[in-house]
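Each chain is listed here by its residues.
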Amino acid sequence: MIEVLTETGTQEPQRIRGLEMPWNRVMGSNEGAARAAHALGPWHPQEFMAECVETVPEAGGMMTFVFRRCDGAPLAFRAGQYVNVAFPVNGEEPEPVDRSYSLSSSPTEPWTFNITVKCDPTGLVSPWVHANVKPGTVLEMLGPVGAFHLPDADRRARYLLLAAGAGITPIMSMVRTIHSLPGQADVVVLYHGAAAGGFAFHKELAYTASVDSRVKVFYSLGDRSIPDGWEGLSGRLTAAMLEEVAPDANGRQVYACGPEGYLNTATELLKKVGVDDTSIYMEFFSGDRQTLLEYQAEVALAADFAEGIAEEIAESAEDYYESQPTAFGLYEPVYDADGTLEASGLPLEIVAPEAPGSDASAESAGGEPEAASPDASSFDTVGTGSLTMSFMRTGINVRIEPSERILEVAHRAGVRIGANCKEGMCGSCKVVKLSGEIEMNHQGGIRAREISAGKFLPCCSTARTDMVIDA
Amino acid sequence: MTASVNVPLNSRGKLAATLPAEQLAEITALFEFRRTGHSLDAPFYTDSTIFKIDMEAIFGQHWIFAASTAELPEPGDYVTVDYGPYSLIVLRNDDGGVNILHNVCRHRGARVLTDAAGTTGNLVCGYHSWTYSPEGNLIHASAPGETKFDKGCFGLKRAHGREVAGLIFACIADEPPADFDETAKIFEPYLAPHDLSKTKIAYQQNIIEEGNWKLVMENNRECYHCDGHPELACSLFPTWGLTEGLIPAHLQEVWDRNKEAQSTLEDRCRRYGLPYEVVEQLDTRIAGIRISRESLDGDGESFSPDGHRLSKKLLGDLRDFRLGRCSMHLQPNSWFHFLGDHVVTFGVFPINEHQTLVRTTWLVADDAVEGIDYDPEKLTYTWKQTNLQDKAFVELCQQGAGSPAYEPGPYMKSEYQVEAFINWYVQRVQEHLA
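Residues numbered from 1 in each chain as written. Chains lettered and ligands numbered in written order. Predicted model: local features only at pLDDT ≥ 70, side-chain atom pairs only at ≥ 80, totals over all residues. Heavy atoms only, no water.

**Let's talk about the packing of aromatic side chains**
Rules: Pairing of aromatic side chains here covers Phe, Tyr and the six-membered ring of Trp, requires ring centres within 6.5 Å, and sorts the geometry by plane angle: under 30 degrees stacked, over 60 edge-to-face, intermediate tilted. Each residue gets one of three labels from its accessible area relative to the maximum for its type: buried under 20%, exposed over 50%, partly exposed in between, using a 1.4 Å probe on protein chains only. Helix numbers and strand numbers start at the N terminus; a helix is a DSSP run of H or I with at least 4 residues, a strand a run of E with at least 2. Counted as over-ring charges are cases with an Arg CZ or a Lys NZ within 6 Å of the ring centre that also lie within 35 degrees of the ring normal.
According to the stated counting rule, one finds 32 aromatic pairs over all chains in the structure shown. Note on Tyr83 of chain B and Tyr86 of chain B: the rings are 5.7 Å apart at their centroids and 45° apart in plane angle, and the pair reads as tilted. Tyr83 of chain B gets classed as buried once you look at its relative accessible area, which sits at 1%. Look at Trp130 of chain B and Phe154 of chain B: their rings are 6.0 Å apart centre to centre, the planes differ by 75°, and that puts the pair in the edge-to-face class. One end of the pair, Trp130 of chain B, is in the loop between strand S6 (123-124) and strand S7 (131-132); the other, Phe154 of chain B, is in the loop between strand S8 (138-140) and strand S9 (158-164), and 24 residues separate them in sequence. Members of the aromatic cluster, connected to one another through ring pairs, are Phe31, Phe44, Phe59, Tyr83, Tyr86, Trp213, Phe421 and Tyr425 of chain B. Directly above the aromatic system of Phe48 of chain A lies the positively charged group of Arg69 of chain A, at a separation of 4.6 Å from the ring centroid. The cationic tip of Lys384 of chain B hangs over the ring face of Tyr203 of chain B; the distance from NZ or CZ to the ring centre is 4.2 Å.

**Let's talk about the side chain of Asp186 of chain A**
Residue and element names in this part refer to chain A. Stated precisely, the cut-off is as follows: In protein, a polar contact requires one atom able to donate a hydrogen and another able to accept it; more generally it is a pair of N or O atoms within 3.5 Å, and residues adjacent in sequence count only if both atoms are side-chain atoms.
Along the chain, Asp186 turns up in strand S10 (residues 186-192). Judged by its relative accessible area of 18%, Asp186 is buried. A polar atom in the side chain of Asp186 sits 3.0 Å from the side chain of Arg252.

**Structural notes on the pairing of strand S16 (residues 396-400) of chain A**
All names here are of chain A. Put simply, the rule reads: Note on pairing: DSSP must find at least two bridges between two strands before they are called paired.
The buried fraction of S16 amounts to four of the five residues, a majority that puts the element mostly inside the structure. Where strand S14 (residues 380-382) meets S16, three bridges bridge the pair, whose relative direction is parallel. What sits directly across from Val382, in S16, is Val398. Summarising the sheet, strand S15 (residues 387-391) and S16 pair through five bridges and their orientation is antiparallel. Note on S16: the bridge partner recorded for Ser390 is Asn397. What sits between the antiparallel neighbours S15 and S16 is a turn of four residues, in which Gly395 has the positive phi angle 75°.

**Re the state of the cysteines**
In plain terms, the rule: Cysteine sulfur atoms that pair up within 2.5 Å are treated as a disulfide.
Overall, the coordinates contain one disulfide over all chains when judged by the stated rule. The structure places no disulfide on Cys429 of chain A, whose sulfur is separated from the nearest cysteine sulfur, that of Cys459 of chain A, by 3.7 Å. What makes Cys429 of chain A buried here is its relative accessible area of 4%. Residue Cys125 of chain B stays outside any disulfide, its sulfur separated by 3.8 Å from that of Cys105 of chain B, the closest cysteine.

**Structural notes on the nonpolar core**
Convention followed: Side-chain atoms within 4.5 Å link the members of a nonpolar core, which is a set of buried Ala, Val, Leu, Ile, Met, Phe, Trp, Tyr and Cys residues.
Counting residues in hydrophobic clusters, the biggest one holds 107 residues, and the most contacted among them are Phe187, Trp213, Ile291 and Tyr425 of chain B. Examining the composition of this core, we find that eight residues originate from one element, helix H9 (residues 416-433) of chain B, more than from any other. Judged by nonpolar contacts, the second largest core, of 33 residues, contains Leu150, Met174, Tyr191 and Cys257 of chain A.

**So, the pattern of salt bridges**
Pairs can form between side chains of opposite charge whenever their charged atoms are close. Spelled out, the test is: Any carboxyl oxygen of Asp or Glu within 4 Å of a side-chain nitrogen of Lys or Arg constitutes a salt bridge here.
Per the stated rule, a full pass over the model turns up 42 salt bridges over all chains. The closest approach of N and O atoms between Arg449 of chain A and Glu74 of chain B, which form a salt bridge, is 3.3 Å. With Arg449 of chain A in helix H13 (residues 448-452) and Glu74 of chain B in the loop between strand S1 (64-68) and strand S2 (77-83), the pair connects residues from two separate chains. Judged by relative accessible area, which is 32%, Glu74 of chain B ranks as partly exposed. Asp77 of chain B is the salt-bridge partner of Arg449 of chain A, the closest N and O atoms lying 2.9 Å from each other. Of this pair, Arg449 of chain A sits in helix H13 while Asp77 of chain B is found in strand S2, placing the two residues in two different chains. Here Asp77 of chain B falls in the buried class, since its relative accessible area comes to 7%.

**A few points about the interface of chain B and chain A**
Operational definition: Residues are treated as being in contact if the distance between any of their heavy atoms lies within 4.5 Å. Here the quantity called buried area is the total loss of accessible area, with a 1.4 Å probe, experienced by two parts when brought into contact, counted for both.
Contact with chain B, which involves 37 residues of that partner, is made by 27 residues of chain A. Between chain B and chain A, roughly 2,600 Å² of surface is buried when both sides are summed, and carbon and sulfur atoms account for 36% of that area. Inspection of the region where chain B meets chain A yields nine salt bridges. Two residues, Asp94 of chain B and Arg447 of chain A, come together in a salt bridge whose shortest N-O distance is 3.0 Å. When contributions to the side of chain B that touches chain A are tallied by element, the ones reaching two or more residues are S8 and helix H7 (252-272) of chain B. In terms of residues, the side of chain B that touches chain A owes the most to one element, H7 of chain B, which gives three residues.

Structural data, given as structure tokens:
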């Protein structure tokens, strides 16, 4: 066999529209294997132990530490989030020192996860991490935490990712995630670094850009001296540079991570090139007091939450997992003034269930519609037949055979249901079924949407089970 | 020259054929001796017979804008569109197409659907429950004892429907004008990138203007009066319709800004492959059109005080919010603004010779969330104010047309599109009467 390395065909891949995180559908489904896979969704933060399984030196004085959870579970998170790690810097006693590090790996490979740490020789923790964390090291962690991350679904995934120095770590997670997913996207990365050889992940970024037409990567050396052979950009972030790498910046979502000064400049410039401030997401990577306090507050909240979950799971693991969000209204962790995590988010366009009408919600919300209504067992019962239809408004139970048309029997019993064609065409007898199963042979008098909202046409329906009817 | 009263009544049931010869001659003369470049004689705005001719010759013959797909996204969704004596049902059918049906029960003529919009399975007349399929076939009429009743003879009357780039048009003529396809080919590439099929209604406004429908259209075709639109003038350059040499001194600065913004916009359009050139065939074809993409002031994104976007979700696959406004004018009854963040459609539906319904619909991306991505109040503010101001202008003119002292006045250079509209109108009616 001779392998032919000549490039053939330069057509663009065909892709589905937009980007969607893989857990999106899993969390919308409650059946079979999908239910077991719920653990792959980005749950609320948890406390867990993780074992280092690999260390990878990176350019720019950084080191990637690959972990896996000791309990074997995958780590569910969103690209851009971070974990809080307890480092026993001074041995087990006194207390370990907590630090937050962005996850640099992709959540689409959830069985291991990476943090990438830049060694700051003057710091307390990072030199210790570089020197001591190695395969076999077990650390206590809390996460995922942070609101700086890609959305769960985005039908116009157009991003401008701005990174300076170690700010590349959450951005790297985003690039890896997008690269691993199918779907249309348009990603521009602008990465500022201090030295030509100091751009972490540059080989992988170059490879990704070379095989994934959705990703473009630009480097800039800032105002440092430019070595011979440098092919990237030079100079600090400017409006002109933004225009150059992304002339359509104002239509993109911008994720920026780096030192405070860099991000302050970016905020100003982005505004100048027309990026709406609600389209800008930033992660401060500086050690200024305000930022540290914010991290501490967020981590403390997460810890409280993780504790609550642990208790809930301890009480009844099965109930807990069943109670997890199942609709596509996926949660975004929102830390409000009261310190609680709130569920919010947008329904997906494709699989969003029909917005329930008031009728349908009465049925789905409680599961036991009779509970709120008058008790049908107190109603008079008329007629003969093997099944019982309870008409809640009329206050009567009517016995019916499975072969009889519901409307006829109802009319005989004096239940008021308007009707005209009696052949399932005009829809004038439409009523709401609160429970029970029917067989309906309509002729266009009712729409699928109405049926799924619990309505049916009694003129052309027979009962299969006992029924409760809102009439 | 004049149409004969001897034409048999069955010749397409033309109103002209039923008019007394003297009256017809008078009306025909009004069209014939219309003074080019001047507003119309008063009867065009006040006379009920001319209104009837308008309904027959214009609204009865041409493609009229009825609704956008966002107004009937799912099978069974419908809107009713009324103009003059007509009422049409515009219904999304199960195949995804659009059925246009006359909203007149074949039993005793009752309106079948009485709501302005809704969802239905089959169509049931509220009077005697005659039931029609979405295609208009009569499928149920209780007929005790009837032996000779053939349901097949009593379907709802159908009209022509056409959907282009998310806009739905209706034509009740037996044979619609054939050049609509050519017009559709002109505007489709301008509109398609905004992907109306992925939009939803953020707000719809119906206002009744106490004025003849032609005054409503005339008013929309010029910006000579734009000093009267302070809110709109924040984003829409009030120099619209002017050319170099016609710029009054107080607008010179605005004109310069406009030119620069237009050149920047055209660069962007070329980058994204969006057409922007002016196509103006308002009275040189039957399905008259004007379309272009033009810059907006300020941020150049939307109809807001600073030109900044009013919805945070881009439409379709657009990559950029700074796309100005793609504006389209279609004869006889609509105009549109397509922006990066939203679309505004305007439909003009005559009620009688002195009243007109103007329906304005604001569309945003269907995944834009009210209160988060857009604020309906802010989204609609500029055009709500502008509509009210326009309503007042139209009504002033209607009052004027009713005065014995009124005589047609000259359209100014910046009003050439008003002249084009009137010229189109006069030509079409004359063709019909001929």
